[in-house]
Amino acid sequence: MMKNIGVLRSVVWLVLALPGMSILFRWAAQPEIYGYGHAIGDTGDWAVWLLIATLAATPLRGLFRHRGWTAWLIRYRRELGVASFAYAAGHTIIYITGKVDAGAIIAEAASPDMLAGWLALALFLPLAVTSNDMAVRALRRSWKKLHRLVYPAALLAFLHWVLATFDPKTAYVFIGGLGVLQIVRFWRRSRQRVT
């Protein structure tokens, strides 16, 4: 049983890594067609899409309790969250290496879109580092409190996405959908407390 879980987890990680491998391959194979702009945009998009999937897992489970795919989302949401951070880290590395000049990075850091991105990354870092079974056991109840940082971190990440993208319509659609799911989740929870 444990061996099957390990194999399945490895498959999940492979699937989550595929977009990153595709980004690297396309950038290396055709840098003049698929360059810096595409790589930074695609890594940022994958970071927020996986973050949305992570945050949507619990409300979707509440709405579709008897569906196998929601159980899968809950079981692997930690992996989704860590993959989201990995794409965000890749996004940041591409940004830094593309700028070359540290002065330009520091100058841009004060703009609202970049400041939101840097703050989001800073909040996500301790979450990524503690997203393992050893940290869960060591931190016990504090682990859950620490991981509530995902909500302000996500708000900052979404703000960065909306402000930094050329066309924010896609961002609004995804963020709006997640917002509706969270509202339904809290509404259902408040009704359960009353009854």
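Now for a description of the structure that goes with this document.

Rules used throughout
- Residues numbered from 1 in each chain as written.
- Predicted model: local features only at pLDDT ≥ 70, side-chain atom pairs only at ≥ 80, totals over all residues.
- Heavy atoms only, no water.
- Helix = DSSP H or I, 4+ residues; strand = E, 2+ residues; numbered from the N terminus.
- Expected span 1.5 Å × (residues − 1).
- Buried < 20%, exposed > 50% of the residue type's maximum accessible area, 1.4 Å probe, protein only.
- Contact = heavy atoms within 4.5 Å.
- Patch = residues over 30% accessible without salt bridge, like charges linked within 9 Å, V, L, I, M, F, W, Y side chains within 5 Å.
- Areas by Shrake-Rupley, 256 points an atom, 1.4 Å probe, with all protein chains shown as cover.
- Salt bridge = Lys/Arg side-chain N within 4 Å of Asp/Glu carboxyl O.
- Lys, Arg positive; Asp, Glu negative; His and termini not counted.
- Charge placed at Lys NZ, Arg CZ, Asp CG, Glu CD.
- Core = buried A, V, L, I, M, F, W, Y, C linked by side-chain atoms within 4.5 Å.
- Axes fitted to C-alpha atoms, helices over the stretch in contact; angles between N-to-C directions.
- Parallel < 35°, antiparallel > 145°, perpendicular 65-115°, else oblique.
- Nonpolar A, V, L, I, M, F, W, Y, C, P; charged D, E, K, R; others polar.

To continue, consider helix 6 (residues 112-129). Three- or four-residue spacings in an α-helix give side chains the same orientation, since the helix completes a turn every 3.6 residues. End to end, helix 6 covers 26 Å across 18 residues, agreeing with the expected 26 Å (1.5 Å per residue, within 8%). Buried within helix 6 we find D113, M114, A116, G117, A120, L121, F124, L127 and A128. Residues of helix 6 that are buried sit in contact with helix 2 (36-63), helix 4 (77-99), helix 5 (102-108), helix 8 (141-146) and helix 9 (150-164).

A positive phi angle, near 50°, is found at R140, a position not held by glycine. Tracing the backbone through its elements, the reader meets R140 in the loop between helix 7 (133-139) and helix 8.

This part covers a nonpolar patch on the surface. On the surface, a nonpolar cluster with roughly 600 Å² of combined accessible area is contributed by V7, L8, V11, L14, V15, L18 and M21. As for its placement among the helices and strands, V7 is situated in helix 1 (residues 2-29). Look at V7 and you get partly exposed, because its relative accessible area is 47%.

With that settled, the discussion passes to a positive patch on the surface. On the surface, a cluster of positive charge is made up of R77, R141, K144, K145 and R148. Here the positive patch gets three residues from one element, more than from any other, and that element is helix 8. Mapped onto the secondary structure, R77 falls in helix 4. With a relative accessible area of 34%, R77 lands in the partly exposed category.

Using the criterion set out here, one finds five salt bridges in the structure. Of the charged contacts, one joins D133 and R78 as a salt bridge, the two residues approaching to 2.9 Å between their closest N and O atoms. Of this pair, D133 sits in helix 7 while R78 sits in helix 4, and the two are 55 residues apart along the sequence. Under the relative-accessibility criterion, R78 is labelled partly exposed at 31%. Linking E108 and K99 is a salt bridge whose minimum nitrogen-to-oxygen distance equals 2.9 Å.

Judged by nonpolar contacts, the single largest core of 33 residues is most densely connected at L51, L55, F124 and F158. If you list the elements that add at least two residues to this core, you get helix 1, helix 2, helix 4, helix 6, helix 9 and helix 10 (169-194). Looking at this core, the element that brings in the most residues is helix 2, giving nine residues. In contact with F124, other than residues within four places in its own chain, are L51, F85, V150, A153, A154 and A157. Core analysis: the second largest hydrophobic core is formed by eight residues, A39, I40, I105 and M114 among them.

Time to look at the packing of helix 3 (residues 68-75) against helix 4. Their axes nearest at 4 Å, the elements helix 3 and helix 4 cross at an angle of 55°. In terms of axis orientation, helix 3 runs oblique to helix 4. For the pair helix 3 and helix 4, the contacting residues are L73, I74 and R75 in the first and R77, E79 and L80 in the second. Class assignment for the residues of the contact of helix 3 with helix 4 results in three nonpolar, no polar and three charged.

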